[in-house]
Amino acid sequence: KGFTGTVTLPGSKSLSNRALLLAALSEGTTVVENLLESDDIARMIEALVKVGIKIDQAKRFTENRIVIEGNAGPFDVSSQGECELFLGNAGTAMRPLAAL
């Protein structure tokens with residue numbers, strides 16, 4: 001006999017932050033699901049919001065998904081003057097954000 005079903009693996013810190021960054025740089029709306037719940041992910045979300053990315057987290061803890069309105073390219077923080085980001089020890093957030 002066969003069987004069917006769905007297996008949902010826990011999110012990975014590295015993949016979660018990459019998905020967030022790619023969604024933020026993309027054009028249009030992206031739904032990101034199954035994010036790992038960790039300090040690194042929280043720091044990345046905070047940083048993206050600080051650089052002007054719109055993130056709807058209303059279903060983050062109930063359905064484990066967020067909706068991101070992409071920037072269609074690099075972030076423009078020139079109107080903010082200096083933009084200081086607190087990333088804690090989140091190397092998976094710091095390294096890619098430093099490149100942008």
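None of the values given here were measured: they were computed from a predicted structure. As a convention, each chain's residues are numbered from 1 in the sequence order in which they are written. The model is predicted, so local features are restricted to residues of pLDDT at least 70 and side-chain atom pairs to those at 80 or more, both for listing and for counting; the totals for chains, interfaces and linings are taken over all residues. Hydrogens and water molecules were not included; the side-chain quantities draw on all heavy atoms of the structure.

S.K.: Describe the sheet that holds strand E3 (residues 65-69), and please don't skip the residues or the numbers.
M.R.: Note: two strands are recorded as paired if DSSP finds a minimum of 2 bridges between them. Under the DSSP-based scheme used, a helix requires at least four consecutive residues in state H or I and a strand at least two consecutive residues in state E, with every element numbered from the N terminus. Spatially, 3 strands are ordered E1-E3-E2 in an open sheet, and the strand pairing comes out antiparallel. This sheet does not close on itself; its edge strands, each paired only once, are strand E1 (29-33) and strand E2 (54-56). Each adjacent strand pair in this sheet contributes to an overall mean axis angle of 25 degrees, direction not counted. We call two residues contacting when some pair of their heavy atoms lies within 4.5 Å. Interaxial angle, 0 to 180 degrees, is taken between N-to-C directions of lines fitted to C-alpha atoms, where a helix line uses only the stretch in contact. Contacting E1 and E3, helix H1 (residues 13-25) crosses the sheet at an angle of about 30 degrees to E3.

S.K.: Report on unusual backbone geometry, specifying residues and quantitative values.
M.R.: Phi is positive for Asn-34, which is not a glycine, with a value near 65 degrees. Whether a residue is buried, partly exposed or exposed follows from its accessible area with a 1.4 Å probe, protein chains only, as a fraction of its type maximum: under 20%, in between, or over 50%, in that order. On the basis of relative accessibility, which here comes to 27%, the residue Asn-34 falls in the partly exposed class. You will see that Asn-64, though not glycine, has its phi angle at about 50 degrees, which is positive. By secondary structure assignment, the location of Asn-64 is in the loop between E2 and E3.

S.K.: Run through the pattern of salt bridges, naming residues and quoting values.
M.R.: By definition, a salt bridge exists where a carboxyl oxygen of Asp or Glu is found within 4 Å of a side-chain nitrogen of Lys or Arg. What the rule picks out here adds up to 5 salt bridges. A salt bridge links Arg-43 to Asp-39; the nearest nitrogen and oxygen atoms lie 2.1 Å apart. Here Arg-43 pairs with Asp-39, and both are found in helix H2 (residues 39-50), just 4 residues apart, close to one helical turn. The buried category is assigned to Arg-43, whose relative accessible area is 13%. A residue is classified by how much of its surface remains accessible, and Asp-39, at 44% relative accessible area, is partly exposed. Taken together, the shared-partner salt bridges connect Asp-39, Arg-43 and Glu-46 into one network.

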